[in-house]
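# An overview of the molecular structure
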Amino acid sequence: MREYEEVFTALLMRQGLPRMTARVPTSLFVTDAGSLTAAELVRRLDVSPASVSKAIAFLGSQGLIRRERDERRRERYLVDDDVWYQSVIAAARANAEIAQTAREGVGVLGAGRPAAGRLENIARFVDSVGESIARAAEQARDILCSTSGTAPDGTAPPSGPGTG
């Protein structure tokens, strides 16, 4: 299990998260409850409360985790089922911003110049990819809310006409 957690943490680090920050959502992903308190994260990760607090603050500000109070009024941190959808939509928005800025560059440089043509191609490409990503995320969003990709006996659920 620890080896797998390291693999997932390394993946999140390659996506730009600092190591400590990446360890928090990984811990939340692999716990059956899907949530942990700050104290549980401190024990699980063997780090200081300040390290967990800093990671939680960053992840919360990015919409990657959320807080809720449990029955004992302790704050629990969890990763919503929707976090991957939100992350993909944020990437699509970032692509739209790149496309818009590239198009502004076309206006600044003047149409007909090679650099303006390059920027227009970037804008068209990034727009197309971003729109495809957003459309795919919308179409696949329900997958995140399903309880499992396998049946209780470990087999794939039935698929095809009339099964879904």
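It should be noted that the structure appears before, not after, this text.
These remarks concern the structure in this document. All values derive from a computational prediction rather than experimental measurement.

## Here's the deal with the packing of helix α2 (residues 19-30) against helix α4 (residues 49-61)
- At a minimum axis separation of 9 Å, α2 and α4 run at an interaxial angle of 75 degrees. In this view, α2 runs roughly perpendicular relative to α4, as classed from their interaxial angle. The segment α2 lies against α4, with M20, T21, V24 and P25 engaging S51, V52, A55, I56, F58 and L59.
- Its residues placed into classes, the contact of α2 with α4 shows eight nonpolar, two polar and no charged.

## Some thoughts on the nonpolar core
- Membership of the largest hydrophobic core comes to 20 residues, with the highest contact counts inside it found for V24, L28, L41, V52, I56 and I65.
- Of all elements in the fold, only α1 (2-14), α2, α3 (38-45) and α4 reach the threshold of two or more residues within this core.
- In this view, I56 contacts V24, L41, I65, R67 and Y77; residues no more than four positions away in its chain are not counted.

## A few points about the packing of aromatic side chains
- Following the criterion strictly, the structure yields three aromatic pairs and no others.
- Summarising the aromatic geometry, the rings of Y4 and F8 are spaced 6.0 Å apart at their centres and angled 55 degrees between planes, so their arrangement reads as tilted. Taken together, the residues span about one helical turn, with Y4 and F8 both in helix α1 at a distance of four residues.
- Y4 gets classed as partly exposed once you look at its relative accessible area, which sits at 45%.
- The buried category is assigned to F8, whose relative accessible area is 17%.
- With centroids separated by 5.6 Å and ring planes inclined at 25 degrees, the aromatic side chains of F29 and W84 adopt a geometry described as stacked. Of this pair, F29 sits in helix α2 while W84 sits in helix α5 (residues 83-109), placing them 55 residues apart in sequence.
- Here F29 falls in the partly exposed class, since its relative accessible area comes to 29%.
- Every member of this aromatic cluster is reached through a ring pair, and the members are Y4, F8, F29 and W84.

Rules used throughout
- Residues numbered from 1 in each chain as written.
- Predicted model: local features only at pLDDT ≥ 70, side-chain atom pairs only at ≥ 80, totals over all residues.
- Heavy atoms only, no water.
- Axes fitted to C-alpha atoms, helices over the stretch in contact; angles between N-to-C directions.
- Helix = DSSP H or I, 4+ residues; strand = E, 2+ residues; numbered from the N terminus.
- Parallel < 35°, antiparallel > 145°, perpendicular 65-115°, else oblique.
- Contact = heavy atoms within 4.5 Å.
- Nonpolar A, V, L, I, M, F, W, Y, C, P; charged D, E, K, R; others polar.
- Core = buried A, V, L, I, M, F, W, Y, C linked by side-chain atoms within 4.5 Å.
- Buried < 20%, exposed > 50% of the residue type's maximum accessible area, 1.4 Å probe, protein only.
- Phe/Tyr/Trp six-rings, centres within 6.5 Å; stacked < 30°, edge-to-face > 60°.

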